[in-house]
Amino acid sequence: MPGEFERIAQIEDPYELLRAATERLAEAQQEVTELARLRRRLIQELHAQGLSYAQIASAAGLSRGRIHQIRHTGPAPEGAFLGSGEVTVVTPLRPDPASDRTYVALDDLTTGKRLEELARTFDLSVSYDHVSLSGEIDLNRAGLLVICGPRMSPAMHEAYGKDPVLEWERDEVGWLLRDTRAGQEFRSGQEEDPVRPYDVGYLGRLPRPDGKGSFLAIAGIHPEGSLGVVHLLTTDIGSLWGQVGGDRFSVVVGTEYDPNTHEPVRTELLTPLYRHDEAA
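Read on for an overview of the structure. (Residues numbered from 1 in each chain as written. Predicted model: local features only at pLDDT ≥ 70, side-chain atom pairs only at ≥ 80, totals over all residues. Heavy atoms only, no water.)

## Considering the overall build of the protein chain
The test is simple: What counts as a helix is a DSSP run of H or I of at least four residues, what counts as a strand is a run of E of at least two, and both are numbered from the N terminus. Three exposure classes are used, based on accessible area relative to the maximum for each residue type with a 1.4 Å probe and protein chains only: buried under 20%, partly exposed in between, and exposed over 50%. Per-residue accessibility takes into account occlusion by the displayed protein chains alone, with areas from the Shrake-Rupley method and a 1.4 Å probe. Counted charges follow a simple rule, with Lys and Arg positive, Asp and Glu negative, and His plus the chain ends left uncounted. Taken as the charge centre is NZ of Lys, CZ of Arg, CG of Asp or CD of Glu, depending on the residue.
Within the protein chain one finds 8 helices and 13 strands. The dimensions of the protein chain, computed from C-alpha atoms along their principal axes, are 65 × 55 × 40 Å. Looking at the protein chain as a whole, 41% of its 280 residues are labelled buried. Accessible area for the protein chain stands at about 14,800 Å²; split by element, carbon and sulfur atoms hold 51% of it. Across the protein chain, the 29 positively charged side chains and the 44 negatively charged ones have centroids separated by 6 Å.

## Concerning the pairing of strand S6 (residues 166–170)
Formally: One bridge is not enough; two strands pair if DSSP finds at least two bridges between them.
Here 5 bridges tie S6 to strand S7 (residues 175–179), and the two strands are oriented antiparallel to one another. Bridge pairing in S7 places Glu167 opposite Arg178. Counted along the chain from S6 to the antiparallel partner S7, the turn is 4 residues long, and its residue Gly174 has a positive phi close to 150 degrees.

## Examining the sheet that holds S6
Spelled out, the test is: The axes are straight lines fitted to the C-alpha atoms, using for helices just the contacting stretch, and the angles between their N-to-C directions are given from 0 to 180°.
The strand order S6-S7-S8 describes an open sheet built from 3 strands, whose pairing is antiparallel. On the outer flanks of this sheet lie S6 and strand S8 (184–186), each paired with one strand and no other. Averaged over all pairs of adjacent strands, the angle between their axes in this sheet comes to 30 degrees, without regard to strand direction.

## Observations regarding unusual backbone geometry
Following Asp193, the chain continues into Pro194 via a peptide bond in cis, with omega recorded as 5 degrees. With respect to the helices, strands and loops of the structure, Pro194 is situated in the loop between S8 and strand S9 (198–207). The backbone of Asp123 shows a phi angle near 65 degrees, a positive value even though the residue is not glycine. Mapped onto the fold, Asp123 is located in the loop between helix H5 (106–121) and strand S4 (125–131). Of note in the backbone geometry, His262 takes a positive phi value of approximately 65 degrees without being a glycine. Of note, His262 is situated in the loop between strand S11 (249–257) and strand S12 (264–269). Among the residues examined, His262 registers a relative accessible area of 35% and is labelled partly exposed.

Right, here's the structure in full:
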């Protein structure tokens, strides 16, 4: 914006000017990326409604060639499933029994890294944060992608409690996910006898405590379940975005994994994609 440029250009301290110009340039680049994503999504939506590209071009005052160019370039619209501009991947910290230090478990690190890689393919900026040892995490922020179950954090336990359909429970066998609408429960294959390489995970968009937005929540009964959820996002995010967009929802994901590497082999949706506005 000219006004913002003029404000920055008037800064006399050269170091402060350099800092302000760099920050504003980063913000402007994010805005350009999100505007390009929005433009591409609008063209796809208008075409899906039955309009030809020629009609869209004529109504928008653009050439047909420009419409085709926009349709095939720029960040994919489904990236908005994760957020816009900058997202923050959140993983839990764990205590090191051999010292006073904390660490992020390798399984959580792997899941977080793959979620980061996915976000970057959509031209999203990615930062990191952690759930503290006491389970504290500020959920009242935009763009949060939280990899944490109810056991590790009271804040997340409360957030999962806002889901109108799916519930986390724990009994003498272990943790499970319950579909209260269908009356089904889902458990990990690690608790079966004999054990089988199969785990269950949760994927949902839940309301922030302050009611001013939402965040994406990912958790497995075991780490393989979380990794399976991210694998599903990597392979099928377009379909998920097409069905729920940016609305609040939740679904249970089943993951068959390699017993040697613990890498996902196959993922499946075990419940419908429950839209929370329809379930309330």
